[in-house]
Amino acid sequence: MSVAPTPSAPRLHRPQPVLAVVAVVATLALPLDPDRAGGPGAADLVSGCAALYCVVLLLRTRRSPLSRTAAVVLGLPVAGLALAAMNATSPGAGITGLVRYAQVFVLVPAAVLLLIRNRGDFRLVAWSLVALGMWQGAVGVHQYVSRTGASYQGETIRAVGTFGPQDVMGMATAVSLGVVCALGLALGSARHRAVAVVCALTLLLPLALSFSRGAWIATLVTCSVQLMLAGVRRALKTGVVLAAVCTTLVGGLGAGTAVLEERIGSITRVTATPDQSVVDRYAMWEAATAIWREHPLAGTGLKSFPEHRDGHAPLNLSSGSDVEGAGTTYRKQPLLSPHNMYLLVLSEQGLIGLLACTGSWFGLSVLGMRRLLRARSAPGRVPDCALVACGLLVWQLTEFVYSDIGGPSTVLTGVCFGLAAWWALAGSDGARAVPSPRREAAREAGAPCR
């Protein structure tokens, strides 16, 4: 007599932990309020939820989250931040600055590091960055063609995506990171190479229309490093193709060619006839350096640069930058930072804070590059995760020369540092990824996990 098998309960497909990271990136595709005046955005709130979700998973699994190496590398900036928070001009400014810095350089990178379990999860986040860049780039190209973008030299042609002119670097950052991820995926994997190459080449157009000199320089430096790491012969072949594409791109912009050529030429006009944006940038750099000379060790405290700027800036510093277009009425946006991350940290946190932050970034660079070189010495291609992670870190450290944290797109900096940390620290001596709830339940029940 045969017994009919008891129907098993249907399996519930629980979401994978890495989707919390993808949600942070996806939130940045939403349109922003053009009249928004600072404060945490939707992406900041989602990143906080992702960090809390990571903590809950760690408590459920009762596992040690970070190894000693990972804890030291990611936690090193906290030393300078704590001291600078105590030196802030007000408790509110100290707490606000401490939370912001900890979010970007500690909490979000640690959450990304722990929520990514394998290379498949890493590629999913990388492709989400490519998708974000494609979406923002499409909006930016439409703004340029329809002349509904941010104001630039009297014309509303600057591509800013959904970020608006109040975060003029937002679209340029998203598109640049998309280029870096797409190129890394194309160089390291043959499976999706054609799609990745098409995405990388397509993103060059909105990157050009962003008129962001810092993003151009950082992307050029990063792509060159990625190509050299993938192989000299491949770098030469790809360089020829990119040169041809860029020439065709500039020639095909029509009426915008003169504006683009003028913007490119302004990169080298530092002492001859620089535009006002260059004058303001160097004036704020001079002010940040002067502030640091008066407070060399501990700096002036978090969020204190605006209060000390006018007493140290030269007279040629303007009152602010013009903001107009893309749904925003004309207004003057005050210059509240030196637009140089290294000088911002130096002026507000002093040498102690600068050594703490750059020590963390240098540690990620050394560990990530060492692991990449080990993978390169083995038979086969350099892994795409290595090229993407090291590329994102190079881009951020280069871009920090021309920008600092601020605006809704800042959360992307934390995601990039998290991807770099996963490659550098998630080895045998690195952090332990948070297991999925399904795998953990199967492990506790004694069932095999596949």
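Residues numbered from 1 in each chain as written. Predicted model: local features only at pLDDT ≥ 70, side-chain atom pairs only at ≥ 80, totals over all residues. Heavy atoms only, no water.

### What to know about the nonpolar core
Counting residues in hydrophobic clusters, the biggest one holds 107 residues, and the most contacted among them are Tyr101, Phe105, Met341, Leu392, Leu419 and Leu425. Ranked by the residues each element gives to this core, the list is headed by helix α7 (residues 170-188), at 13 residues. Every residue in contact with Tyr101, bar those within four places of it in the chain, is listed here: Leu81, Val106, Leu302, Met341, Leu344, Val345, Glu348, Gln349 and Ile405. Core analysis: the second largest hydrophobic core is formed by 6 residues, Met284, Ala287, Leu317 and Leu335 among them. (Core = buried A, V, L, I, M, F, W, Y, C linked by side-chain atoms within 4.5 Å. Buried < 20%, exposed > 50% of the residue type's maximum accessible area, 1.4 Å probe, protein only. Helix = DSSP H or I, 4+ residues; strand = E, 2+ residues; numbered from the N terminus. Contact = heavy atoms within 4.5 Å.)

### Re empty space enclosed by the protein
Enumeration according to the criterion identifies 1 cavity of 30 Å³ or more in this entry. Here the largest cavity is characterised by a volume of approximately 50 Å³. Taken together, Val21, Val24, Ser47, Ala50, Val108, Ala111, Val112, Leu115 and Val415 form the lining of the largest cavity. Breaking the lining of the largest cavity down by element, the ones donating at least two residues are α1 (19-27), α2 (42-61) and α5 (91-115). Among the elements that make up the lining of the largest cavity, the one with the highest residue count is α5 (4 residues). Of the residues assigned to the lining of the largest cavity, the class counts are 8 nonpolar, 1 polar and no charged. (1 Å grid on protein atoms, 1.4 Å probe; cavity = no way out; pocket = protein on both sides within 12 Å on 5 of 7 lines; lining within 4 Å. Points joined across faces, edges and corners; volume = space filled by probe spheres on them. Nonpolar A, V, L, I, M, F, W, Y, C, P; charged D, E, K, R; others polar.)

### Focus on the state of the cysteines
Following the criterion strictly, the structure yields 0 disulfides and no others. A disulfide-free cysteine, Cys181 has its sulfur positioned 6.7 Å from the sulfur of Cys416, the nearest such atom. Judged by its relative accessible area of 0%, Cys181 falls in the buried class. (Disulfide = S-S within 2.5 Å.)

### Focus: unusual backbone geometry
When glycine is set aside, most residues are seen to have a negative phi, and most peptide bonds are trans. One non-glycine residue, Arg147, adopts positive backbone phi at about 55 degrees. The backbone of Lys303 shows a phi angle near 65 degrees, a positive value even though the residue is not glycine. Along the polypeptide, Lys303 turns up in the loop between α12 (276-294) and α13 (305-309). A residue is classified by how much of its surface remains accessible, and Lys303, at 44% relative accessible area, is partly exposed.

### Remarks on the pairing of strand β2 (residues 155-158)
As paired strands, strand β1 (residues 150-152) and β2 are joined by 3 bridges and run antiparallel to one another. Looking at the pairing, Ala150 lines up with Arg158 of β2. Two successive antiparallel strands, β1 and β2, enclose a turn made up of 2 residues, where Gln153 displays a positive phi of approximately 55 degrees. (Pairing = 2+ DSSP bridges.)

### Thoughts on the packing of α1 against α2
Relative to each other, α1 and α2 sit at 175 degrees, their axes nearing to 8 Å. As judged from the angle between their axes, α1 and α2 are roughly antiparallel. Contacts from Ala20, Ala23, Val24 and Thr27 in α1 reach Ala42, Ala43, Val46, Ser47, Ala50 and Tyr53 in α2. Tallied by class, the residues present in the contact of α1 with α2 amount to 8 nonpolar, 2 polar and no charged. (Axes fitted to C-alpha atoms, helices over the stretch in contact; angles between N-to-C directions. Parallel < 35°, antiparallel > 145°, perpendicular 65-115°, else oblique.)

### Concerning helix α9 (residues 213-230)
In this model α9 runs 26 Å from its N-terminal to its C-terminal C-alpha over 18 residues, within 8% of the 26 Å that 1.5 Å per residue would give. Of all the positions in α9, only Arg213, Gly214, Ala215, Trp216, Ala218, Thr219, Thr222, Cys223, Gln226, Leu227 and Leu229 are classed as buried. Once α9 finishes, Gly231 follows within two positions and takes phi at roughly 140 degrees, a positive value. (Expected span 1.5 Å × (residues − 1).)

### Here's the deal with the packing of helix α3 (residues 68-75) against helix α4 (residues 77-86)
Where α3 contacts α4, the axes come no closer than 5 Å and their chain directions differ by 35 degrees. Here Val73, Leu74 and Gly75 of α3 lie close against α4, whose contacting residues are Pro77, Val78 and Ala79. For the contact of α3 with α4, the per-class residue count stands at 5 nonpolar, 1 polar and no charged.

### Focus on the side chain of Asp384
Summarising the element assignment, Asp384 is placed in helix α15 (residues 384-399). For Asp384, a relative accessible area of 2% corresponds to the buried category. Only 2.8 Å separates the side chain of Asp384 from the side chain of Arg123, close enough to count as a polar contact. Beyond its immediate sequence surroundings of up to four residues, Asp384 is in contact with Arg123, Gly184, Leu185, Gly188 and Ser189. (Polar contact = N/O pair within 3.5 Å; in protein donor to acceptor, adjacent residues only side chain to side chain.)

### Here's the deal with the packing of aromatic side chains
Taken as a whole, this structure holds 11 aromatic pairs when the rule is applied. Between Tyr342 and Phe400, the aromatic rings sit 6.2 Å apart at their centres with planes inclined by 80 degrees, giving edge-to-face as the arrangement. In this pair, Tyr342 sits in helix α14 (residues 341-377) while Phe400 sits in the loop between α15 and α16 (411-425), placing the two residues 58 residues apart along the sequence. Between Phe400 and Phe417, the ring centres sit 6.3 Å apart and the planes meet at 25 degrees, which makes this aromatic pair stacked. (Phe/Tyr/Trp six-rings, centres within 6.5 Å; stacked < 30°, edge-to-face > 60°.)

### Re the pattern of salt bridges
The final tally for this structure, using the stated rule, is 5 salt bridges. One salt bridge connects Asp121 with Arg117, and the closest N-O pair in it is separated by 3.0 Å. The exposure class of Asp121 is buried, given its relative accessible area of 8%. A salt bridge links Arg147 to Glu155, with the nearest nitrogen and oxygen atoms 2.6 Å apart. (Salt bridge = Lys/Arg side-chain N within 4 Å of Asp/Glu carboxyl O.)

### Digging into the confidence of the model for the protein chain
Mean pLDDT over the protein chain works out to 82, with 79% of the residues at or above the 70 mark. Ignoring residues within four places in sequence, the model shows residues 1-12, a span with pLDDT below 50, making 1 contact including any to other chains. (pLDDT = per-residue confidence, 0-100.)

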